[in-house]
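# Fold and contact review
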Amino acid sequence: MAQISLRIDDEVKKKAEEACADIELSLSSAINIYLKKLGREKRIPFEVSVDPFYSEENMSRLRRSVAQMEATGGTVHKVNFDD
């Protein structure tokens, strides 16, 4: 059997292990299921997409808003959405 070694964020691993435990499956088994399906279907077996927040249209609008605020004496504050 082959062995795969990879690095993953601690929190991502923890949440994946918790999800697997909920369905009584090991993380290794879940990854094996994913890889078998990937090999059989020749595609990622779920939708992969980009966050629409970062679309060029939205980023352009945000840049215009920031420029307008700066031109009128407004201030821009960094917001941390992770808290």
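See the structure above.
These numbers come from a predicted model, not from an experiment. (Residues numbered from 1 in each chain as written. Predicted model: local features only at pLDDT ≥ 70, side-chain atom pairs only at ≥ 80, totals over all residues. Heavy atoms only, no water.)

### Here's the deal with helix H2 (residues 27–41)
With 15 residues, H2 ought to run about 21 Å at 1.5 Å a step, and its terminal C-alpha atoms sit 21 Å apart, in line with that. Lys 42, located one to two residues past H2, shows a positive phi value of around 55 degrees. (Helix = DSSP H or I, 4+ residues; strand = E, 2+ residues; numbered from the N terminus. Expected span 1.5 Å × (residues − 1).)

### Here we look at the pattern of salt bridges
Taken as a whole and assessed by the stated rule, the structure comprises five salt bridges. Note that Lys 37 and Glu 41 form a salt bridge whose closest N and O atoms lie 2.7 Å from each other. With Lys 37 and Glu 41 both in helix H2, this residue pair falls four residues apart, about one helical turn. Looking at Lys 37, the relative accessible area reads 27%, which means it is partly exposed. (Salt bridge = Lys/Arg side-chain N within 4 Å of Asp/Glu carboxyl O. Buried < 20%, exposed > 50% of the residue type's maximum accessible area, 1.4 Å probe, protein only.)

### Notes on helix H3 (residues 56–71)
Across its 16 residues, H3 extends 22 Å between first and last C-alpha, which sits within 8% of the 22 Å expected from 1.5 Å per residue. Phi for Gly 73, located one or two positions after H3, is positive at around 90 degrees.

### Remarks on the layout of surface pockets
Space inside the largest pocket adds up to approximately 490 Å³. Lining the largest pocket we find 14 residues, and of these Ile 4, Leu 6, Leu 27, Ser 28 and Ile 31 sit closest to its centre. Elements that contribute at least two residues to the lining of the largest pocket include exactly helix H1 (10–22) and H2. In the lining of the largest pocket, the residues fall into 10 nonpolar, three polar and one charged. (1 Å grid on protein atoms, 1.4 Å probe; cavity = no way out; pocket = protein on both sides within 12 Å on 5 of 7 lines; lining within 4 Å. Points joined across faces, edges and corners; volume = space filled by probe spheres on them. Nonpolar A, V, L, I, M, F, W, Y, C, P; charged D, E, K, R; others polar.)

### Points about unusual backbone geometry
Leaving glycine out, the prevailing phi sign among residues is negative, and the prevailing peptide bond configuration is trans. Although it is not a glycine, Glu 24 adopts a positive phi angle of roughly 55 degrees. Checked against the element boundaries, Glu 24 lands in the loop between H1 and H2. In this structure Glu 24 comes out as exposed when scored by relative accessible area, which is 75%.

Coordinates in, geometry out; function isn't part of it.
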